[in-house]
Amino acid sequence: MQPLLTVNDLTMDFGGIRAVDRVDLRLRPGEIVALIGPNGAGKTTLFNCLTGLHRPTGGDLVLAPPGRPQRNLNGLPPHRITAAGLARTFQNIRLFPHMTVLENVMVGRHCRTTSKVFGAIFRPEATVREERETVGMSLALLERIGLAEQADEWAANLPYGAQRRLEIARALATEPLLLLLDEPAAGMNPQETQELDALITSLRDDGLAILLIEHDMKLVMRLSDHIVVMDYGRKIAEGTPEEIRRHPAVIRAYLGEEEYGA
Amino acid sequence: MTPAPEKTAMPTGKDIRQALLTGFWFMFLTFPLLVIKVHPIEQTVTWRWANMLWVGGLSAAVALACRLVAAHRAAGGERRRQEPDRAIAAPSQAFFLTPSRLVPLLAAVGLFFLVFPLLFSTYQVNIMTTALMYVVLGLGLNIVVGFAGLLDLGYVAFYAVGAYTYGLLHLHFGLGFWTALPIGGLLGALFGVLLGFPVLRLRGDYLAIVTLGFGEIIRLVLENWGDFSQGPSGIANIARPGLFGIEMSLETSLVYQYYLTIAMALLTIFVVNRLRNSRIGRAWFALREDDIACQAMGINKTAIKLTAFALGATWAAMAGVLFAAKTTFINPASFTFLESAIILCIVVLGGMGSIVGVVAAALILMLLPEYLRAVAEYRMLVFGAVLVLMMIVQPQGLIPRVRRTYTGSH
């Protein structure tokens with residue numbers, strides 16, 4: 001199958017520091033790719049480049065949505081990239097704390113809806129319908145992640161694990177083709193991690209491509225179709241979980257001298 | 001006189017030391033103002049040492065009280081963490097939120113405003129009209145500061161744009177109020193965008209400083225570009241708002257303006273409320289809460305910021321047209337930074353993003369000084385003190401924003 005996202009030679013320099021060094025990446029629809037590596041390896045910087053928060057110093061980002069012409073995402077502002085079909089969550093949760101859980105998800109619908117100031121004030125039929133759809137779809141997403149009960153709660157009041165799930169729901173509301181999850185299991189208890197596992201699997205089964213930064217190796221090994229290992233901004237290895245488990249460079253750089261697993 | 005600390009048994013030694021220190025600090029600060037009184041004509045100096053003791057004692061007492069309140073709150077912090085909702089929506093509000101209480105309350109308020117001119121003198125009506133204009137201004141600024149979280153210290157500039165739009169159009173072309181109102185609103189929006197563009201990349205303090213500068217630029221241009229604006233002498237004999245060319249006595253005209261301003265305020269409340277509960281409103285809130293996540297959710301930050309500036313400015317400009325028509329005379333002195341500060345006070349005091357709060361705060365802040373003429377000199381002092389107190393006791397404002405529910409489960 002043709003890749004959904006092709007990243008060629010992506011490079012990001014901050015002054016004299018090269019945070020991401022000529023990284024290549026391919027993602028197919030319905031595929032889970034994990035991005036692992038020690039802290040400071042450049043994983044989040046790579047995410048920021050993909051989603052437009054940083055403007056990459058070099059390289060190409062090409063998105064090829066199935067059945068639509070492919071397009072180059074280089075240098076697009078974040079909101080255009082989200083509209084093109086890339087949605088993300090953040091390593092340090094970035095919800096809108098003083099909006100309700102439901103409103104957080106509704107904000108995600110922004111780029112798929114169109115009503116403007118005129119619509120807001122006069123509420124023509126089209127706006128009313130759009131608003132109803134926004135509420136309906138957002139509630140359905142909350143249902144899916146198991147937060148429908150708390151829809152009218154302030155987002156800030158949710159427990160940590162629920163906040164992480166809410167971030168995923170908010171990203172899903174943008175109807176992405178590719179979902180970028182930055183350490184979604186961080187700080188979750190085993191029960192929550194298991195639920196997250198099931199959620200990510202079901203999203204994959206829906207045909208979403210998922211790029212995952214994660215430190216929970218059990219989760220990574222279980223979920224990923226493909227693993228990319230980064231260190232010092234460079235891609236040092238890639239392959240299936242089995243291959244990565246045995247890769248000497250990975251063991252040296254990331255898993256320590258002893259082999260991971262047991 | 002000894003400072004108050006000894007009265008209570010609860011405070012620790014540290015509290016008392018801090019309070020005494022605060023007392024001394026205030027004694028030192030106010031020494032030149034409150035203690036020394038120079039009589040230039042008799043060439044003598046009076047030393048009012050009693051004042052110093054008063055200042056020291058009172059400020060120490062207040063400082064101690066504040067520390068005790070803070071300690072009390074810290075102790076109650078655990079409980080609040082379990083129910084953090086209270087920090088956002090005050091429980092007192094819940095009382096008024098049931099329809100059976102809300103409807104009669106609204107009806108009573110509506111009736112009061114409707115019959116106001118019949119019950120009170122022209123003087124009172126005039127004051128109320130002014131207060132209602134500040135309701136419009138406060139709600140307009142609420143879009144920018146309360147909804148979108150963009151601190152704008154030069155809001156009065158747009159007020160001036162509106163007032164001068166009407167003033168100049170009337171002076172040069174003899175245009176009436178009703179023609180000038182939409183033109184003023186549009187020009188306000190235009191100026192809002194003009195200010196918005198250069199400050200797109202700025203946030204927080206930097207944004208505040210640039211908007212402050214913008215406000216001053218507009219005022220200084222009006223003051224110094226005499227050929228355009230007639231400078232400090234201003235524009236006089238601006239027509240009052242008309243009604244199908246009917247001749248009105250001054251008193252009737254004032255009452256008419258009162259109802260006009262009521263209509264304007266109601267329209268503002270209606271529009272601002274609809275904007276808040278819309279796709280645009282949610283985008284503003286998202287921008288305020290976290291601008292990076294906001295962009296990542298596909299919101300065009302540039303467009304949404306400019307929309308906020310433009311819409312906020314529109315209301316200021318329309319209020320400006322109303323102001324010019326009401327006073328029939330405008331000059332740059334009406335549009336100083338102090339006006340911006342007062343409007344901002346209204347928003348902060350009422351509760352950022354809260355419509356009811358801003359309306360209440362505008363009425364309170366504008367009406368109270370009028371009816372407390374006796375202490376009018378201390379108006380600014382009280383303003384400041386009330387704001388500081390609010391920030392400590394209820395930082396979310398007089399009537400905090402209510403959470404909007406969609407599911408009906410609450």
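Residues numbered from 1 in each chain as written. Chains lettered and ligands numbered in written order. Predicted model: local features only at pLDDT ≥ 70, side-chain atom pairs only at ≥ 80, totals over all residues. Heavy atoms only, no water.

Asks: For the sheet that holds strand S4 (residues 58-63) of chain A, give the residues involved together with the corresponding values.
Replies: Residues and elements named next belong to chain A. Reading across from one edge, S2-S1-S4-S5 is the order of the 4 strands in this open sheet, with antiparallel pairing throughout. Two strands close off the open sheet at either side, each with one partner strand: strand S2 (17-27) and strand S5 (71-72). Pairing of S4 with S5 involves 2 bridges; the strand directions are antiparallel. Bridge pairing in S5 places Leu63 opposite Arg71. Docked against the sheet, helix H1 (residues 43-50) engages strand S1 (5-14), S2 and S4, running at close to 115° with respect to S1. (Pairing = 2+ DSSP bridges. Helix = DSSP H or I, 4+ residues; strand = E, 2+ residues; numbered from the N terminus. Contact = heavy atoms within 4.5 Å. Axes fitted to C-alpha atoms, helices over the stretch in contact; angles between N-to-C directions.)

Asks: How would you explain the pairing of strand S3 (residues 32-36) of chain A if you had to name every residue and give the values?
Replies: Successive residues of a regular strand alternate their side chains across the two faces of the sheet. All names here are of chain A. For S3, a buried count of 5 out of 5 residues is recorded, marking the element as mostly surrounded by other parts of the structure. Because side chains alternate across S3, one face comprises the buried residues Ile32, Ala34 and Ile36, and the other comprises Val33 and Leu35, equally buried. Bridging between S3 and strand S8 (residues 209-213) involves 4 bridges; their strand directions are parallel. Residue Ile32 lies in a different strand from S8, and its bridge partner there is Ile210. In this sheet, strand S9 (residues 226-231) lies alongside S3 in parallel orientation, the contact comprising 4 bridges. Counted as the bridge partner of Ile36 is Val229 from S9. (Buried < 20%, exposed > 50% of the residue type's maximum accessible area, 1.4 Å probe, protein only.)

Asks: Give a detailed account of unusual backbone geometry, specifying residues and quantitative values.
Replies: All names here are of chain A. Of note, the phi angle at Arg22 is positive, near 40°, even though the residue is not glycine. Structurally, Arg22 is set in strand S2. Residue Glu183 is not a glycine yet carries a positive backbone phi of 50°. Assignment of secondary structure puts Glu183 in the loop between strand S7 (178-182) and helix H7 (190-205). The exposure class of Glu183 is buried, given its relative accessible area of 10%.

Asks: For the domain arrangement of chain A, give the residues involved together with the corresponding values.
Replies: Residues and elements named next belong to chain A. Domains assigned within chain A are domain 1 (1-85 + 176-262) and domain 2 (96-173). Between the C-alpha centres of domain 1 and domain 2 the distance comes to 26 Å. With 20 residues of domain 1 in contact, the opposing surface of domain 2 contributes 12 residues. Interface area, domain 1 with domain 2, both sides summed: about 1,200 Å², of which 63% is carbon and sulfur. (Domains from an automatic or database assignment. Buried area = accessible area lost by both parts, 1.4 Å probe.)

Asks: I'd like to hear about the domain arrangement of chain B, residue by residue, with values.
Replies: Assigned domains within chain B: domain 1 (4-79) and domain 2 (95-393). Here the C-alpha centre of domain 2 of chain B lies 38 Å away from the C-alpha centre of domain 1 of chain B.

Asks: Can you tell me about the packing of helix H7 (residues 177-196) of chain B against helix H13 (residues 301-327) of chain B, naming the residues and giving the values?
Replies: All names here are of chain B. Running from amino to carboxyl end, H7 crosses H13 at an angle of 145°, the nearest separation of the two axes being 7 Å. Crossing geometry of H7 relative to H13 is assigned as right-handed. For the pair formed by H7 and H13, the contact residues are Phe177, Ala180, Leu181, Gly184, Gly185, Gly188, Ala189, Gly192, Val193, Leu195 and Gly196 on the first element and Leu306, Phe309, Ala310, Ala313, Thr314, Ala317, Met318, Val321, Leu322 and Ala325 on the second. Class assignment for the residues of the contact of H7 with H13 results in 15 nonpolar, 6 polar and no charged. (Left-handed = near helix turned anticlockwise from the far one by under 90°. Nonpolar A, V, L, I, M, F, W, Y, C, P; charged D, E, K, R; others polar.)

Asks: Hey, could you go over helix H14 (residues 337-350) of chain B for me, with residue numbers and the actual values?
Replies: Residues and elements named next belong to chain B. Between its first and last C-alpha atoms H14 spans 20 Å; for 14 residues at 1.5 Å apiece the expected length is 20 Å, and the two agree. Across the 14 residues of H14, 11 count as buried, placing the element largely inside the fold. The set of residues buried in H14 consists of Glu339, Ser340, Ile342, Ile343, Leu344, Cys345, Ile346, Val347, Val348, Leu349 and Gly350. Elements in contact with the buried residues of H14: helix H5 (122-147), helix H6 (156-173), helix H15 (355-371) and helix H16 (379-393). The positive-phi residue at the C-terminal boundary of H14 is Gly351, with phi of around 120°. (Expected span 1.5 Å × (residues − 1).)

Asks: Describe the pattern of salt bridges, and please don't skip the residues or the numbers.
Replies: Residues and elements named next belong to chain A. In this structure the tally under the stated criterion is 23 salt bridges over all chains. Between Glu31 and Arg28 there is a salt bridge, with the nearest N and O atoms lying 3.8 Å from each other. Classification of Glu31 by relative accessible area gives buried; the value is 13%. For Arg245, the salt bridge identified is with Glu242, shortest N-O distance 3.6 Å. (Salt bridge = Lys/Arg side-chain N within 4 Å of Asp/Glu carboxyl O.)

Asks: If you had to explain a nonpolar patch on the surface to someone new, which residues and values would you point to?
Replies: Residue and element names in this part refer to chain B. A cluster of nonpolar side chains, namely Trp25, Phe26, Phe28 and Leu29, defines an oily patch on the protein surface of about 450 Å² accessible area. Mapped onto the elements of the fold, Phe28 is located in helix H1 (residues 13-35). You can call Phe28 exposed: its relative accessible area is 56%. (Patch = residues over 30% accessible without salt bridge, like charges linked within 9 Å, V, L, I, M, F, W, Y side chains within 5 Å. Areas by Shrake-Rupley, 256 points an atom, 1.4 Å probe, with all protein chains shown as cover.)

Asks: An account of the packing of aromatic side chains is needed here, citing residue identities and associated values.
Replies: Residue and element names in this part refer to chain B. Per the stated rule, a full pass over the model turns up 21 aromatic pairs over all chains. Taking the centre distance of 5.9 Å and the plane angle of 75° together, the rings of Phe323 and Phe335 count as edge-to-face. With Phe323 in helix H13 and Phe335 in the loop between H13 and H14, this residue pair connects regions lying 12 residues apart in the sequence. A relative accessible area of 13% means that Phe323 is categorised as buried. A residue is classified by how much of its surface remains accessible, and Phe335, at 2% relative accessible area, is buried. By way of ring pairs, the aromatic residues Phe112, Phe113, Phe116, Phe120, Tyr258 and Tyr259 are connected into one cluster. (Phe/Tyr/Trp six-rings, centres within 6.5 Å; stacked < 30°, edge-to-face > 60°.)

Asks: Outline the interface of chain B and chain A, supporting the account with residue identities and numerical values.
Replies: The interface of chain B with chain A comprises 38 residues on the first partner and 42 residues on the second. In total, about 3,700 Å² of surface goes out of reach between chain B and chain A, with carbon and sulfur atoms giving 62% of it. On the surface where chain B and chain A come into contact, there are 2 salt bridges. Where B:Asp290 meets A:Arg94, a salt bridge forms, and the shortest distance between an N and an O atom there is 2.8 Å. One can count 9 residue pairs in polar contact (both at pLDDT 80 or more) joining chain B with chain A. At the level of secondary structure, the elements contributing two or more residues to the side of chain B that touches chain A comprise helix H10 (250-276), helix H11 (279-289), helix H12 (291-296) and H13 of chain B. Broken down by element, the residue count for the side of chain B that touches chain A peaks at 8 residues, all from H11(B). Tallied by class, residues from the side of chain B that touches chain A come to 17 nonpolar, 11 polar and 10 charged. (Polar contact = N/O pair within 3.5 Å; in protein donor to acceptor, adjacent residues only side chain to side chain.)

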